[in-house]
Amino acid sequence: MVVKIIIIGAGVGGTAAAARLSKKGFQVEVYEKNSYNGGRCSIIYQNGHRFDQGPSLYLMPKIFEETFEDLGEDIKNHIDLLKCPTNYSVHFHDGETFELTTDISELSRSLEKYEGSGESTLINFLRYLKETHIHYQRSVRIALKTDFQHWYDFFNPKHIPDVIQLHLLDTVYNRVCKYFKSDYMRKAFSFQTMYLGMSPYDGLAAYSLLQYTEIAEGIWYPKGGFHKVLESLENIAIQHGAKFNYNADVQKIIIDDKGVAKGIKLVNGDVVNSDIVICNADLIYAYNKLLPKTSYADKLGKKELTSSSISFYWSMKTIVSQLKVHNVFLAEKYKQSFDQIFKDHTLPDEPSFYVNVPSRIDPTAAPEGKDTVVVLVPVGHISNVPNIDFDQHVKRAREQVIDTIEKRLKISNFRSMIDHEIVNDPRTWQNNFNLWKGSILGLSHSLFQVLWFRPSLKCKIFENLYFVGASVQPGTGVPIVLSGTKLLEKQLCDRFLDSKVTITSWSKGVSLLIGIIALLIFCIFVF
């Protein structure tokens, strides 16, 4: 019998899962509320300008390659990848700049400007690179390729060396301070936690893996936009028989009296039955809006979330040559700006922000002689903080971004170069994509919200219900979510396609004993 699977949401997780599972012979139908796929990883078009609505940094390329290989495809036949000549330009408050590049000799000279010309500068950097390499390799192995369905999968003695070398009790910023002495470089090598929607003062040290992949593997851009990845995955899924339904808003997941997921009900009243339901909608939204009310839904709603953003999509009248493909503008009061985002849940008095110019590397992103510019200003998610005026936040963020660009790049008329503007703010992310409280990257990656502590791919409350996406294992970010779809595929194939292995009571007992011992050892190291 062919197993029918319904997938709610055609985001990265939903689309990749559809491709994987349809290739394995499952009958897959995807239901998406919007008229387009990709979710946050979608495209905005405006009079010849093309904007990546969300992700624009193509990192960890090996995971993308592996995804297509698993589908029997060569990614080079689907996506034309363009390597950024330099990773990005970092602009500091006093006009100083730093170019982060994969060219180690050039990077070494840039470091000397801020860290001094002594031999310790390069030695410290290479030591830092070694540590981040360890974080990268071990994180991929333990976090992206390990399925933590049960607590004893995590509390296993084999993970102890990884726990130690991943510096899980330290932060990204603290580790950076160990290798760099200047305030400039400590900022330049720590802000990357914002890719995960976190403060470098809170982000687990292991997330310096992001800095490693930038330096060792570079930053890439798919010609035609990041959405090309999603288009390719959808086409592969369709070739294997998957069906995508757009403008199909799901009202609820149908759960029978025995607590088993049986299908979905659409807003238009249609009911679609299935054997399995996979939810790619935001996890917290799903538990609170699509499923029967549970205490777990309330618990999830109180968990720590990532930041939101105010994003500007500017169609420029001309080329702004002073801007590179990727540009980062950092606040002088660095820590204070992060505290205002993550503790006060507001727009910092002096925000740091990111500017992407896709037309600098891919001319098809803008009409000839013009630029396409995307600005992302991190801001607190929607909270219970009183007197938050998002209209005022947007207005102030716009003025601060323009003033900062004009001042630091010495452009006197940047404001007048903007021909057209589209804005996303926390309300937009919440309304258009059902992101809980407008948090753009879902649950945060604090110590007790990662690995086994993070919600599982397989629902533990309702049968035949699975999740995939940013807020479940292994975590947020396009390559991370892609890794999650591989883990999900294995779970479903093990359940329906492979011969089942009976676990004896004896083996369960041994696993329990090992888990308890490992738990005690883990607690010793953590506490």
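As the structure is a prediction and not an experimental result, all values here were calculated from the model.

Peer 1: I would appreciate a short explanation of the packing of aromatic side chains in the present structure.
Peer 2: Each pair of aromatic rings is reported with the distance of its centres and the angle of its planes. Taken as a whole and judged by the stated rule, the model has 32 aromatic pairs. Ring geometry for Tyr287 versus Tyr296: centroids 5.0 Å apart, planes at 80 degrees, classification edge-to-face. Note on Tyr287: relative accessible area 4%, which makes it buried. In textbook terms, an aromatic cluster arises when at least three aromatic residues are bridged by ring pairs, as seen for Phe92, Phe98, Tyr114, Phe125, Tyr128, Tyr179, Phe180, Tyr184 and Phe189. Between the NZ or CZ atom of Lys335 and the centre of the ring of Tyr201, over which it lies, the distance is 5.4 Å.

Peer 1: Explain the layout of surface pockets to me, please; I cannot follow it from the model alone.
Peer 2: The gaps left among the atoms become clear once a water-sized probe is rolled over them. A volume near 300 Å³ is recorded for the second largest pocket. Every residue lining the second largest pocket is counted, 16 residues in all, and those nearest its centre are Tyr296, Phe453, Arg454, Pro455 and Lys460. Within the residue set of the lining of the second largest pocket, elements represented by two or more residues are helix H11 (283-290) and helix H12 (295-301). A class-by-class count of the residues in the lining of the second largest pocket yields 10 nonpolar, one polar and five charged.

Peer 1: Can you help me understand the pattern of salt bridges in this one?
Peer 2: In total, this model carries 26 salt bridges according to the counting rule given. Here Glu66 makes a salt bridge to Lys145, at a shortest N to O gap of 3.0 Å. Note that Glu66 is positioned in helix H2 (residues 61-70) and Lys145 in the loop between helix H4 (119-144) and helix H5 (151-154), a separation of 79 residues in sequence. The class of Glu66 is partly exposed, set by a relative accessible area of 24%. Close ionic contact of Asp170 with Arg175 constitutes a salt bridge, the shortest N to O distance being 3.5 Å. Given the relative accessible area of 12%, Arg175 is considered buried. Among the ionic contacts, a cluster of salt bridges with common partners joins Arg20, Lys24, Glu66, Asp70, Lys145, Lys486 and Glu489.

Peer 1: It is not clear to me how the environment of Ile63 should be interpreted in this structure. Could you clarify?
Peer 2: As for its position among the elements, Ile63 is in helix H2. In this structure, Ile63 is in contact with Leu144, Pro479, Leu482 and Ser483, ignoring residues within four places of it in sequence.

Peer 1: I tried to follow the packing of helix H1 (residues 12-23) against helix H17 (residues 478-496) on my own but got confused; where do I start?
Peer 2: A pair of packed helices is characterised by two quantities: the angle between their axes and the separation of those axes. Look at H1 against H17: their axes get within 9 Å of each other, and the N-to-C directions meet at 40 degrees. By the criterion of interaxial angle, the relationship of H1 to H17 is oblique. Crossing of H1 against H17: the hand is right-handed. On H17, the residues touching Val12, Gly13, Ala16, Ala17, Arg20 and Leu21 of H1 are Val478, Val481, Leu482, Thr485, Lys486, Leu488, Glu489 and Leu492. Its residues assigned to classes, the contact of H1 with H17 comprises nine nonpolar, two polar and three charged.

Peer 1: So what exactly am I meant to see when it comes to the sheet that holds strand E15 (residues 326-329) here?
Peer 2: The pairing of strands in a sheet comes from backbone hydrogen bonds and takes either a parallel or an antiparallel form. With respect to topology, seven strands assemble into an open sheet ordered E7-E6-E15-E16-E17-E14-E18, the strand pairing being mixed. A strand with exactly one partner marks an edge of an open sheet, and here the two such strands are strand E7 (97-100) and strand E18 (418-424). Strand after strand, the sheet turns through a mean of 20 degrees between neighbouring axes, direction not considered.

Peer 1: Would you mind going over the sheet that holds strand E11 (residues 261-266) with me for this structure?
Peer 2: Taken together, three strands build an open sheet; the order of strands is E10-E11-E12 and the sheet is antiparallel. Strands at the two margins of the open sheet, each flanked by one partner only, are strand E10 (250-255) and strand E12 (271-273). On average, each strand axis in the sheet is tilted by 25 degrees relative to the strand beside it, whichever way the strands run.

Peer 1: For this particular structure, what's the right way to read unusual backbone geometry?
Peer 2: Both trends apply: most residues other than glycine have a negative phi, and most peptide bonds are in trans. In this structure, the amide linkage connecting Gln473 to the following residue, Pro474, adopts the cis form with an omega of 0 degrees. Positionally, Pro474 belongs in the loop between strand E19 (465-467) and H17. With a phi close to 55 degrees, Asn434 is a non-glycine residue in the positive phi region. You can see Asn434 is positioned in the loop between helix H16 (426-433) and E19.

Peer 1: How should the nonpolar core be read in this particular structure?
Peer 2: If you look at the biggest cluster of nonpolar residues, it comprises 134 residues, and the most contacted ones within it are Phe98, Phe189, Ile253, Ile278 and Phe467. Beyond its immediate chain neighbours, meaning those up to four positions away, Ile278 contacts Ile5, Ile6, Ile7, Ile8, Leu21, Tyr466, Val468, Leu488 and Leu492. Leu347, Phe353, Val394 and Val401 belong to the second largest nonpolar core, which has 25 residues in total.

Peer 1: Could you clarify how one ought to interpret the side chain of Asn356 in this entry?
Peer 2: Mapping Asn356 onto the fold places it in strand E16 (residues 353-356). We classify Asn356 as buried; its relative accessible area is 1%. Apart from the residues lying within four places of it in its own chain, the contact partners of Asn356 are Asp52, Ser56, Val325, His326, Thr372, Val373 and Val374.

Peer 1: Would you mind showing me how to read helix H10 (residues 227-239) here?
Peer 2: Note that an α-helix has 3.6 residues per turn; residues three or four places apart therefore point the same way. An ideal rise of 1.5 Å per residue puts 18 Å on 13 residues; H10 measures up with 18 Å between its terminal C-alpha atoms. The complete set of buried residues in H10 reads His227, Val229, Leu230, Ser232, Leu233, Glu234, Ile236 and Ala237. Positive phi shows up at Gly241, right after H10, with a value of about 105 degrees.

About the criteria used
The residue count restarts for each chain, going from 1 along the sequence in the order it is written. Predicted model: local features are reported for residues with pLDDT of at least 70 only, side-chain atom pairs are reported and counted for 80 or more only, and whole-chain, interface and lining totals are derived from all residues. As a rule here, side-chain values cover all heavy atoms of the structure and leave hydrogens and water aside. Pairing of aromatic rings covers Phe, Tyr and Trp, the last through its six-membered ring, and needs centres within 6.5 Å; plane angles under 30 degrees mean stacked, over 60 mean edge-to-face, and all others mean tilted. For each residue, the accessible area found with a 1.4 Å probe, counting protein chains only, is set against the maximum for its type, and the residue is called buried under 20%, exposed over 50%, and partly exposed in between. Criterion for a charge above a ring: Arg CZ or Lys NZ at most 6 Å from the ring centre, at most 35 degrees from the ring normal. Only protein atoms enter the calculation, which uses a 1 Å grid: trapped sets of points that fit a 1.4 Å probe without letting it out are cavities, open sets showing protein on both sides within 12 Å along at least five of seven lines are pockets, and any residue with an atom within 4 Å of a point is a lining residue. Grid points are joined across faces, edges and corners, and a volume is the space filled by probe spheres set on the points. Going along the chain from the N terminus, every DSSP run of H or I of four or more residues is numbered as a helix, and every run of E of two or more is numbered as a strand. Amino acid classes used here: Ala, Val, Leu, Ile, Met, Phe, Trp, Tyr, Cys and Pro are nonpolar; Asp, Glu, Lys and Arg are charged; the rest, including Gly, are polar. Take a side-chain nitrogen of Lys or Arg and a carboxyl oxygen of Asp or Glu: if they are within 4 Å of each other, that pair is a salt bridge. Contacts were defined at the residue level, with two residues in contact if any of their heavy atoms lie within 4.5 Å. Axis angles are defined between N-to-C directions and span 0 to 180 degrees, where every axis is a line fitted to C-alpha atoms and, for a helix, only to the segment in contact. The scheme is simple: roughly parallel for angles under 35 degrees, roughly antiparallel for over 145, roughly perpendicular for 65 to 115, oblique for anything else. Crossing chirality is assigned from the near helix's rotation relative to the far helix, an anticlockwise turn below a right angle marking it left-handed and a clockwise turn marking it right-handed. DSSP-based pairing: two strands are paired if at least 2 bridges between them are found. Side-chain atoms within 4.5 Å are what join buried Ala, Val, Leu, Ile, Met, Phe, Trp, Tyr and Cys residues into a set we call a nonpolar core. The span you would expect from a helix comes to 1.5 Å times its residue count less one.

All quantities given are derived from atomic positions and should not be read as evidence of function.
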